[in-house]
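Coordinate inspection notes
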Amino acid sequence: MESEKAVLVIGGGIAGIQASLDLAGRGLKVYLVESSPSIGGRMAQLDKTFPTMDCSMCILAPKMIECFRHPNITLLTYSEVQEVSGKAGNFSVKVLKKPRFIDETRCTGCGECAQHCPIEVYNEFDMKLGIRRAIYVPFPQAVPLKYTIDDEHCIKCRLCQKTCRAEAVDFNQQPQTISLSVQAIIVATGYELFDVQRLSEYGYGRYKNVLVSLEFERLLSASGPTGGHLLRISDGRIPRKIAFFQCVGSRSLKGGVSFCSSACCVYATKEAILVREHVPECEVYIFYNDLKVFGKGFQEFVTRAKDDWGIKYIRALPGEVIEDSKTGNLTLWYEDTIENLTKDMKVDLVVLCPALVPRVASKELASVIGLELDENGFFKSKDPLFAPIDTNVPGVFTCGYCQGPKDIPESVAQASGAAARAAEVIALGASREAH
Amino acid sequence: METEPRIVAFLCNWCSYAGADVAGMSRISYPPNVRAMRVMCSGRVDPSFVIRAFETGADGVLVAGCHPGDCHYVSGNLKAEKRMETTRKLLKLLGLGSERLRLEWISTSEGAKFAEVVRDFTESIRKMGPNPLRTEVDAKASANTNTKEVISKALRKTNVQYCLECGKCSSSCPIAKVNEAYSPRRTVERFLLSSEDRALSGTDLWTCLTCFLCTQRCPSDVRYPEFVRACRGIASKEVMEEICAHKGIPLALSRIMINPKIKQERMGWLPEGAEVSRKGDFLYFVGCLPYFDVYFEDFNLEIMKIAQSVVKILNKVGIKPAILNNEKCCGHDLLWTGDLENFEKLARINVAEIKETGATKIVTACPECYRTLKKDYVELLGNMDFEVLHISELLSKLIDEGKIKFETELARKVVYHDSCRLGRHMGVYEPPRKVIASLPGTELVEMKRNRENAICCGVNAWLSCNKYSKEVQIDRLIEAKTTGADLLVTTCPKCQIHWKCVTSEKLPVDASEVTMNMRDLSVLVAEAMNLA
Amino acid sequence: MERAEEETPRIGVFVCHCGINIGGVVNVPKVVEYAKTLPNVVYAEDNLYTCSSEGLSKIKEGIGKYNLNRVVVASCTPRTHEPLFRATCEETGVNKYLFEMANIREHCSWAHMHEPEKATEKAKDIIRIAVAKARLIQPQKEPEIDVTPSALVIGGGVAGMTAALSLAEQGFRVHIIEKEPELGGTLRHLHKLYPTMQDASDALNQIIKAVESNKNIEVSTSTTIKEVKGFIGNFEATVQKVNGEAANLRVGTIIVATGADIFEPIGMYGYKEYGNVITQLQLEQLLKDGQLKKWERVIMIQCVGSREEKGRTYCSRICCMTALKNAVLIKELLPDTDVYILFRDLQTYGGRYEDYHRMAQDRGIKFIKYLQEKPPTVVSAENGKLTVNVYHALLGEQVTISGDLVVLSTPLTQHENAKELSQFLKVPLGSDGFFFEAHVKLRPIDFATDGIFVCGTAHSPKDTAESVSQALGVASRAAIPMAVKRLRTEAITAMVNENLCSGCGTCVKLCPYGAIEKDAKGVARVTEVMCKGCGVCGASCPEKAISMRHFTDEQVTAQALAALGRLTA
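Remember, predicted model here, so these are calculated numbers, not experimental data.

**Considerations on the overall build of chain B**
Within chain B, the secondary structure is distributed over 26 helices and 11 strands. For 532 residues, the compact-globule estimate of 2.2 N^0.38 gives 24 Å, and chain B sits close to it at 25 Å. Overall size of chain B, expressed as C-alpha extent along the three principal axes, is 75 × 60 × 50 Å. When each of the 532 residues of chain B is scored for burial, the buried share is 61%. Pairs at least 24 residues apart make up 81% of the contacts formed inside chain B by residues separated by at least 6 positions. Taken as a whole, chain B presents about 20,800 Å² of accessible surface, with 51% of it coming from carbon and sulfur.

Here it is, written out as structure tokens:
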């Protein structure tokens, strides 16, 4: 490989995208590695973002497309970092490109193949509430807009191959190992949802109308499984009363994680407002412990939700949810800690806001790179106050949620910060070379 | 040196008290060892008066009433007869001797009879010797405790200090749901604010069932029942006495057992042909079953069948268990009512006696004994040389090893109830289910609230048995009944007792909604093995 | 390859469904049919998501197939996707200024969600307006400018210094100006930093040393801004020292890191009335100086002057952790002192602060939640003590606490120089008084004005770690134009028809950017690179001599008439 100045960015969510665009924008080469078939991350799954109520995909898509079109950025999607060696200024990286069984140079993203694929799979993008085929793009605005064959579910009927006019299907495709030479590495692997099935008192996984927030977000999204119509998946009815539970698995010394996931109070408020927009007669209750309104515009957002949208906030974390197996309706028990009364409430839908935790896969990545994780699985900062973006490995930086709980604006700012640090490493290397 | 017998007498107002008056008026002498109390009717004499008297060192207790048919209150004296019969049995079990309690019918005019009875009774007591409990210190010995220190330590140890006031506990607690005034969260908050006086002098601390449902769900890992337990040690005992069911008799019995001079007579239940020994590798810890059997005999629960079934099963698989013939109460109820000093005494005695048998494995059919022996003794005294198993764990293992043969098809639809101590406290959920599922012809169904979400049988350590606990109990029984099962199986004798108690009373619902056949797991297994 | 100006416009209209955001309200097919009837429209189609790769390909396809030389996209606000669509046109050989957008989402489908027929009619009108302009627009050129590879950092606190150090390490020259006589900002007044409890001064001194020894950084203390002229790549800032010394700095980018002030709760809770009611900052000073008294009980009150119904409605983010930190410090130094924290919602967010909260609970610090509508009261009692009365929200009872010290946690507020600076730089302040960024979500540290960035508490209340992250962020953002060295600027600028200009000078006076001057001939001359394209000059010129490219009088008038249903010939 040429020894041009390059940076490896691991993770194609908003943080990875921002870091890549900053670096590419100043003339540096970027390899953006993403393990799923498309970049976009969690933001692509959101309907709207708080507190501005921007359409998430609308503000994200231009950045995704810029990543795709930018001459300095090489997207390596459906890929994983396997090996990292060397040191700051001179890392050798091996990236495994998993076989999509599609020739990316030929695929036009037309979608003809998927129309003929007989296999239906619950799609990850819709949190398994919606359906895709075994040959698929994760969502319509995927970048790159290239199809992927899910080897696990594909039955090799080859209908896709027969119908593809671009002759892009290649069942002989092998995994490819790509060797890269980079000066710095940025880790931006984001988060996943804590498994709340463990909290059996809430019935997630057993009761059809108990959902987690990201599932609910997909129901609200125009691009989601119900086309953005707010319905219960169980019976197609429009809910008239919805309860949000905060802190499910967060702030816990047992059965969860000890930290505060920092975005849930406001994103629940956002989803609540969306409910009222979709179905004005639907009552919405948010059950909380401490309302986290510390971010810019958060308090005003919540005040609007209360005053203008009539969303009701109850200071209580419910003890349990019971299902009426005939109707699928739910009864929840809570102690209203302000009224000092223990009572029950009947609702049509319960939305749990689970703890957002660093991805399990980060452990693997951490050992590949030699990074330390803190007790909660976040990448450990070299100095939590003065070098939050640096890690224990010089030349490797981290940003976004995988560094610590934060929202989109903080992830974006920190991603630019990681780009700055990476640029410093390169500048240092350049000045060394000059001498 | 011979000590003079101390006799406490309960004399009914209309007959026996008057009779004693006449003895005095007639100048008839009798030994001065009796101290008499007037009650309106001999039927007023509560077994707890008698037990307390003995616990405090009385050598004998005399209860005297009107002759049958003459009772001023129609049949109070007949009720006294029944009660004293039960009490006598308890005394016998304790090894105190049933003769220390005497019931006599003495009429107004029978002054001479009164004197004669006193003379006779005093003599026989003198022959029996003093009550072994006589020199005991006050049962509720309370050392000078620094309340603030106890609370501060407990706040830390049980994580109460980390409470986030979320209310999950109160909205999980079965009692809080029906008792508006009760909120574990509020109680915690009072302690955190150092305004604990209210909490220590109120009923809140004694309302907790210690069922651990709140602990199960608390995100801050607050172990509220353990906190409550620590505070009960320094809380107002007057309040406790007011709300303790059955006048605290079971607790008094446990305390009595502490005295080393007490030599119980508690082996009468052993079935014929049973093979047990004094020493052995395997010990069966029976628990307070013999006492429950006597005290709750009206419930017809056949409580001793539990112990008998265990022994029969063990024998059948080739185990000859050691049984302590002077086994003391494990101390569970004393621990959970805050009597830590006496709990420790019981613990040390039991551990010493178990050591003497050489046992390395203990099996028990009572979840409370199971928890206490396996967990609380270790916390108090350090690691033990023995392993503790619940009978369900042992049976599950034996079934796996093919050592158990089931001869009889039971053809029952069984619903299993997780008792708090076996379930949430100790995490034993699957072994009992496995055992039930292995019984031929048995279908196992589950209640909606099962395993870690199971609801307590409503009473713990005999405290706070009131209308709220009844509501919880009836709710639970309805839940069991609506599974369609025809048999409710538990592994806890107390659960059975408490449920039987509530269904024997006047019910707010139709009896058919709650009445269920109940069986202890060991008894069921013995039936299936054709050992009954 | 650009197409000639004199060509007849061939307009292609692309109407977007935007999923159901537009299509669910507006009858898109009907609108497409209508568009086809408009003059100079040779092609119209609808797309599900015009901004997706697929949609963009359709535009390119349309341009090629139908020989389009003007493109109208009817979809969302131009503020999101205009650059994207413009770039797409450029790639297909259509000058980016031959593109026009019709906002039929934010201005139509979203605002009239329950009136689909009216929304459809309105959408047709909006497209007609866009087509009216599209018929008249001309290709424009974007001038290129050089970028001075140096940055001006206004503010020498931890944010400003961190940004400066990073830029210096990246090879750029940086000027820090700081209005105080020394560097350090707010950190100078702090004792310990949470959650590590490290000494603020130690950490600060290390950074200051690094700044002072870095040869790429020039520091000027006791210095403030007097004037800023210019534009990205070419700013000229006049700075002045306290002693009157002035200097001109030529820089390519500007970073605002001026920090924040701390609210003084005059008239609240007995502040300044009773000697033992102080602020957290004052407590911090006491702790730093070791000036603790043997207080029996200290009571802290949160949200004093923040999260109000009107005025300072925001949450100041750092006060809960500051209170916890100081409470823990007090407990360490005075173990027998009782500490109470009266709060509304405990802001212990992030990966570490919940653990810190538990540590505080461990130390026996007591927490009492109060309601916004039932705030505590502080009155003086005997012996100089204070009585705090508060409605304990979680017990439902009034609680009275007697204390020797009440500490008020007050919010960070707009810096006293922020208003002035915002005028110098022509950057906005938000309704909360802090600097307002270009886009709340995706451009949090950029200003809408190119080349100027913001970080630290000047942006919003935050702690050290967050300030450092943002500071490094702006170091990247500012580095981008400086690294590429040449930038293309806006083509939308004013142009003067010298023949018509009478030299009255009205436009010169009115231009907010000072971009117009009278030249030697007495005629108005526009320095295009300074012109921001606001059009104030054009509106004021009595001779119709000055107008805006891409927003000519003709074009704007045509739009207005089209709005009323009249299309000019």
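**Considerations on the pattern of salt bridges**
Here the structure, examined in full by the defined rule, presents 110 salt bridges over all chains. Asp 475 of chain B is the salt-bridge partner of Arg 449 of chain B, the closest N and O atoms lying 3.3 Å from each other. Separated by 26 residues along the polypeptide, Arg 449 of chain B in the loop between strand 9 (442-445) and helix 23 (467-481) and Asp 475 of chain B in helix 23 bring together distant segments of the chain. Residue classification places Arg 449 of chain B among the buried residues on the basis of a relative accessible area of 19%. Asp 475 of chain B sits in the partly exposed class, given a relative accessible area of 41%. Where Lys 544 of chain C meets Asp 553 of chain C, a salt bridge forms, and the shortest distance between an N and an O atom there is 3.8 Å. Put simply, Glu 201 and Glu 320 of chain A together with Lys 168, Lys 177 and Arg 217 of chain B are held in one network by salt bridges that share partners.

**Observations regarding the environment of Leu 342 of chain C**
All names here are of chain C. Its place among the elements puts Leu 342 in strand 18 (residues 338-343). Leu 342 sits 25 residues away from Phe 367 along the chain, and the two C-alpha atoms are 6.1 Å apart. Look past the residues within four positions of Leu 342 in its chain and what remains in contact with it is Ile 299, Met 300, Ile 301, Gln 302, Ile 368, Tyr 370, Pro 376, Val 388, Val 390 and Ile 401.

**As for the sheet that holds strand 14 (residues 253-256) of chain C**
All names here are of chain C. Pairing in this open sheet of five strands is parallel, and the strands run 10-7-6-14-25 from one edge to the other. Strands with a single pairing partner mark the edges of an open sheet, and in this sheet they are strand 10 (217-220) and strand 25 (452-454). The mean inter-strand angle of the sheet, taken between neighbouring strand axes irrespective of direction, is 20°. Together, strand 6 (150-154), strand 7 (173-177), strand 10 and strand 14 form the strand contacts of helix 6 (residues 158-169), whose direction differs from that of strand 7 by roughly 165°. Where helix 12 (residues 464-484) meets the sheet, its contacts fall on strand 6, strand 14 and strand 25, and the angle it forms with strand 14 comes to roughly 170°.

**Overview of the interface of chain C and chain B**
Contact residues are listed per partner, giving 12 residues for chain C and 14 residues for chain B. When the two sides are added together, the surface that chain C and chain B hide from each other amounts to roughly 1,200 Å², 50% of it contributed by carbon and sulfur. Notably, a salt bridge pairs Arg 198 of chain B with Glu 397 of chain C, separated by 3.0 Å at the nearest N-O pair. Joining chain C to chain B, the criterion identifies nine residue pairs in polar contact (both at pLDDT 80 or more). Considered class by class, the residues forming the side of chain C that touches chain B number five nonpolar, three polar and four charged.

**What to know about the sheet that holds strand 22 (residues 349-354) of chain A**
Residues and elements named next belong to chain A. One open sheet holds the five strands; their spatial order is 15-22-16-17-18, and the pairing between them is parallel. Of all the strands in the sheet, the pair left with one neighbour each is strand 15 (210-212) and strand 18 (312-315). When the angles between neighbouring strand axes are averaged without regard to direction, this sheet yields 25°. Where strand 16 (residues 241-248) and strand 17 (residues 283-288) come together, five bridges link them in parallel fashion. What sits directly across from Phe 244, in strand 17, is Ile 286.

**Details of the interface of chain A and chain C**
Contact with chain A, which involves 73 residues of that partner, is made by 80 residues of chain C. Both faces combined, the contact of chain A with chain C buries some 6,100 Å², and carbon together with sulfur accounts for 59% of it. Contact with chain C buries area across many residues of chain A, yet Lys 296, Leu 385 and Phe 386 of chain A alone supply 13% of it, more than any other trio. Across the chain A-chain C interface, the total number found is six salt bridges. One salt bridge in this structure joins Asp 22 of chain A and Arg 477 of chain C, with 2.5 Å as the shortest N-O distance. For the interface between chain A and chain C, the tally reads 29 residue pairs in polar contact (both at pLDDT 80 or more). Elements supplying a minimum of two residues to the side of chain A that touches chain C: helix 1 (14-25), strand 3 (48-49), strand 4 (54-55), helix 2 (56-69), helix 7 (298-307) and helix 9 (408-434) of chain A.

**Describing the packing of aromatic side chains**
Considering all chains together, one arrives at 32 aromatic pairs over all chains under this definition. With 6.4 Å between their ring centres and 55° between their planes, Phe 292 of chain B and Phe 296 of chain B make a pair best called tilted. With respect to class, Phe 292 of chain B is no different from Phe 296 of chain B; both count as buried. Here the aromatic rings of Phe 343 of chain C and Phe 367 of chain C are separated by 6.3 Å at their centres, their planes lie at 75°, and the arrangement is edge-to-face. With a gap of 24 residues between them, Phe 343 of chain C in strand 18 and Phe 367 of chain C in strand 19 (residues 366-369) connect regions that are remote in the sequence.

**Some words on empty space enclosed by the protein**
A complete count under the given rule lists 15 cavities of 30 Å³ or more for this structure. The space that makes up the largest cavity amounts to roughly 690 Å³. Around the largest cavity sit 43 residues that line it, and Pro 405, Lys 406 and Glu 410 of chain A together with Arg 317 and Glu 466 of chain C are the ones nearest its centre. Those elements giving two or more residues to the lining of the largest cavity turn out to be helix 9 of chain A together with helix 12 of chain C. Considered class by class, the residues forming the lining of the largest cavity number 18 nonpolar, 12 polar and 13 charged.

**Details of helix 7 (residues 200-213) of chain C**
Residue and element names in this part refer to chain C. Along its 14 residues, helix 7 runs 20 Å from first to last C-alpha, staying within 8% of the 20 Å computed at 1.5 Å per residue. All of the buried residues in helix 7 are Ala 200, Ala 203, Leu 204, Ile 207, Ile 208 and Val 211. The buried residues of helix 7 occupy an angular sector of 135° when projected down its axis, which confines them to one face. The outward face of helix 7, more than 90 degrees from its buried face, is lined by the exposed residues Gln 206, Lys 209, Glu 212 and Ser 213. Each element contacted by the buried residues of helix 7 is listed here: helix 6, strand 7, strand 8 (192-193), strand 9 (198-199) and strand 10.

Criteria and cut-off values
- Each chain carries its own residue numbering, running from 1 in the written order of its sequence.
- Going through the entries in the order they are written, you letter the chains from A and number the ligands from 1.
- Residues qualify for local features only when their pLDDT is at least 70, as the model is predicted, and side-chain atom pairs are given and counted only at 80 or more; totals for whole chains, interfaces and linings, by contrast, use all residues.
- Hydrogens and water molecules were not included; the side-chain quantities draw on all heavy atoms of the structure.
- Only runs of H or I of at least four residues qualify as helices and only runs of E of at least two qualify as strands under DSSP, and these elements are numbered from the N terminus.
- In this treatment the radius of gyration is a C-alpha quantity, and the globule benchmark scales as 2.2 Å times the residue count to the 0.38 power.
- A 1.4 Å probe rolled over the protein chains alone gives each residue an accessible area, and that area as a share of the maximum for its type sets the label: buried under 20%, exposed over 50%, partly exposed in between.
- In what follows, a contact means two residues having at least one pair of non-hydrogen atoms within 4.5 Å.
- For the area figures, the Shrake-Rupley method with a 1.4 Å probe applies, and any residue is considered shielded solely by the protein chains shown.
- Whenever Lys or Arg places a side-chain nitrogen within 4 Å of a carboxyl oxygen from Asp or Glu, that contact is recorded as a salt bridge.
- Criterion used throughout: strands pair if DSSP finds at least two bridges between them.
- Note on method: axes are straight lines fitted to C-alpha atoms, helices fitted across the in-contact stretch only, with angles between N-to-C directions ranging 0 to 180 degrees.
- Here the quantity called buried area is the total loss of accessible area, with a 1.4 Å probe, experienced by two parts when brought into contact, counted for both.
- Any N or O atom pair separated by 3.5 Å or less is treated as a polar contact, with the protein-specific requirement of one donor-capable and one acceptor-capable atom, and with residues adjacent in sequence counted only for side-chain atom pairs.
- Gly counts as polar in this scheme, as do all residues outside two lists: the nonpolar Ala, Val, Leu, Ile, Met, Phe, Trp, Tyr, Cys and Pro, and the charged Asp, Glu, Lys and Arg.
- When the centres of two rings from Phe, Tyr and Trp lie within 6.5 Å, Trp using its six-membered ring, the rings pair. Their planes under 30 degrees apart give stacked, over 60 give edge-to-face, and anything left gives tilted.
- Here a cavity denotes grid points, spaced 1 Å and computed from the protein atoms alone, that fit a 1.4 Å probe unable to get out, and a pocket denotes an open set having protein on both sides within 12 Å along at least 5 of 7 lines; residues with an atom within 4 Å of a point are the lining.
- Grid points are joined across faces, edges and corners, and a volume is the space filled by probe spheres set on the points.
- For a helix, the expected span equals 1.5 Å multiplied by the residue count minus one.
- Each direction from the helix axis to a C-beta atom contributes to the arc, which is the arc of those directions.

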